[in-house]
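Working through the structure, step by step
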Amino acid sequence: MRELLINLSSLLSAVIPTYVHVPLKTPYPYITLEPDLVLLGLPWGPRVATFSIKIWSRYAGTIEILKLAKEVETVIQNYRNNSLKIRESSLELLKDGQTRLHTFKLKTRLLGRPE
Amino acid sequence: MMNTDLKLEVMGKGDLISPFSARECHQTLTTIPQAVFRRTVNGDLKCINSHGHQKFLSTIRCKDKAPPAFDGLWKGMTLKVGCIQPVTQPVNAGCLAVQMDREGFDHHLFDYGSGVWPATPSENRWMSISPGFPGGFMTYKPILFMMVKNYALETDEWGLTVGWTLDLEEI
């Protein structure tokens, strides 16, 4: 999972800054990677992981976040190390009325032994 | 990009699994309904079967984003199927080799405590086992030559999903 996050972080950073842990006072827009669950079936077997890619934007309107979402989706579809299945994609305006959040919920199958 | 361990190969044409077509597959393996059960005059149950009729039926189904390359695939065609359904056999303590029932891949030898042990493939489906193995199990995914019995494709256009089902019988 760690390797996946590092690789994805590297690729998504070409779109906008990407973090697993967001530093204080980070300017918008940015992406966060949020691991959710890793299921290990067997000691030697593949693992199934679920995680989210979240795009945070404070642009006045949706054009920025939709454009970024499209670029992120392209990165997801072209990712070669693992197949990343998009389970859900959503866009919401947070309660502060200024921040938009685009969430991709993803599922993948990780080969090799656990890190 | 590794979608699945499943292989569906038409001999000479290649694998039918296209990208985004076989994530989260399900496979069943069952025996063909060939054996006949009869009771003797004493009431003992006997199975009238021959070794040559010990074959598998399989159904593989999936719901993903794209269809596999089934164009040109028809009933009666033969596929080399790398199964995702593993089969497992017990291995006694001290055993130095075991023979798999079928060709296979992704072999794993493990003891009763689920510790993994090395096993080396040798000829004719035999696997060599390290001395000192305390007993446990050998598991692997079989490679079967199977005939297409039927298949179905199903698209949910606005749900952006494609489902498929493939019914197979071992030749």
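Counting from 1, residues in each chain are numbered in the order their sequence is written. All chains are assigned letters beginning at A, and all ligands numbers beginning at 1, according to the order in which they are written. pLDDT decides what is reported in this predicted model: residues at 70 or higher carry local features, side-chain atom pairs at 80 or more are listed and counted, and totals for whole chains, interfaces and linings draw on all residues regardless.

1. Quick notes on the overall build of chain A
The condition that has to hold: Working definition: helices are DSSP H or I runs of at least four residues, strands are E runs of at least two. Numbering for both runs from the N terminus. Using C-alpha atoms as the atom set, the radius of gyration is obtained and then compared with a globule rule of 2.2 Å times the number of residues to the power 0.38.
Scanning chain A from N- to C-terminus turns up two helices and five strands. Mapped from its N terminus to its C terminus, chain A presents α and β elements in the order α-β-β-β-α-β-β. Scaling as 2.2 N^0.38, a compact globule of 115 residues should have a C-alpha radius of gyration of about 13 Å, and chain A matches this with 15 Å. Overall, the C-alpha framework of chain A stretches about 50 × 25 × 25 Å when taken along its three principal axes.

2. Some remarks on helix H2 (residues 63-78) of chain A
Residues and elements named next belong to chain A. Where we set the bar: To estimate how far a helix should extend, the number of its residues minus one is multiplied by 1.5 Å. Think of it as a crowd count around each C-beta: if 20 or more other C-beta atoms lie within 10 Å the residue is buried, if 12 or fewer it is exposed, and in between it is partly exposed, with C-beta placed from the backbone throughout. Each C-beta atom gives one direction from the helix axis, and the arc is the one those directions make.
The end-to-end C-alpha separation of H2 is 23 Å, in line with the 22 Å expected for 16 residues at 1.5 Å each. What H2 keeps buried is the set Ile65, Leu68, Ala69, Val72 and Ile76. Take H2 and look down its axis: the buried residues cluster within an arc of 105°, on one side only. In H2, the exposed residues that point more than 90 degrees away from the buried face are Ile63, Lys70, Thr74 and Asn78.

3. Concerning the sheet that holds strand E4 (residues 84-93) of chain A
All names here are of chain A. Formally: Any two strands with at least two DSSP-identified bridges between them are counted as paired. Once C-beta atoms have been placed from the backbone, residue pairs whose C-beta atoms lie within 7 Å are recorded as contacts. Axis geometry follows a simple rule: fit a line to the C-alpha atoms, using only the stretch in contact for helices, then measure angles between N-to-C directions, giving values from 0 to 180 degrees.
Taken in spatial order, the five strands of this open sheet run E1-E2-E3-E5-E4, and their pairing is mixed. Edge positions in the sheet fall to strand E1 (18-19) and E4, since each of these pairs with one other strand and no more. Across 10 bridges, strand E2 (residues 30-40) lies against strand E3 (residues 47-57) in antiparallel orientation. Among the inter-strand pairings, Leu40 is bridged to a residue of E3, identified as Arg47. Most of the contacts of helix H1 (residues 2-12) go to E2, to which it runs at about 160°, and overall it touches E1, E2 and strand E5 (100-110).

4. Some thoughts on the nonpolar core
A general tendency of soluble globular proteins is for nonpolar side chains to be buried together. What counts, and what does not: By our criterion, buried Ala, Val, Leu, Ile, Met, Phe, Trp, Tyr and Cys residues that link up through C-beta atoms within 7 Å make up a nonpolar core.
Ranked by size, the top nonpolar core spans 19 residues in total, and within it Ile31(A), Ile55(A), Val72(A) and Leu106(A) carry the most contacts. Counting residues per element, the ones that place at least two in this core are H1, E2, E3, H2 and E5 of chain A. Setting aside residues up to four positions removed in sequence, Val72(A) forms contacts with Leu12(A), Val15(A), Ile31(A), Ile53(A), Ile55(A) and Phe104(A). Counting residues in hydrophobic clusters, the runner-up holds 16 residues, among them Ala22(B), Cys25(B), Cys83(B) and Leu168(B).

5. Remarks on the environment of Arg2(A)
All names here are of chain A. Relative to the elements of secondary structure, Arg2 occurs in helix H1. A count of 10 C-beta atoms within 10 Å places Arg2 in the exposed class. Spatially, the C-alpha atom of Arg2 lies 29 Å from that of Leu94, the residues being 92 residues apart in sequence.

6. Quick word on the environment of Asn150(B)
Residues and elements named next belong to chain B. Relative to the helices and strands, Asn150 is located in strand E14 (residues 136-156). Taking the number of C-beta atoms within 10 Å as the measure of exposure, Asn150 has 11 and is therefore exposed. Through-space distance from the C-alpha of Asn150 to that of Trp74 is 7.5 Å; in sequence the pair is 76 residues apart. Beyond its immediate stretch of four places on either side in the chain, Asn150 contacts Lys75 and Asp167.

7. Overview of the sheet that holds strand E9 (residues 97-99) of chain B
Residues and elements named next belong to chain B. With respect to topology, three strands assemble into an open sheet ordered E9-E13-E12, the strand pairing being antiparallel. The strands lining the two open edges of the sheet, one partner per strand, are E9 and strand E12 (119-121). Neighbour-to-neighbour, the strand axes of the sheet open up by a mean angle of 25°, direction not taken into account. In this structure, E9 lies alongside strand E13 (residues 126-129), joined through three bridges in antiparallel fashion. Bridge pairing in E13 links Ala97 to Ser128.

8. A word on the pairing of strand E3 (residues 26-31) of chain B
All names here are of chain B. Burial runs low along E3: only zero of the six residues are buried. Pairing of E3 with strand E6 (residues 56-64) involves six bridges; the strand directions are antiparallel. Along E6, the bridge assignment pairs Gln27 with Ile60.

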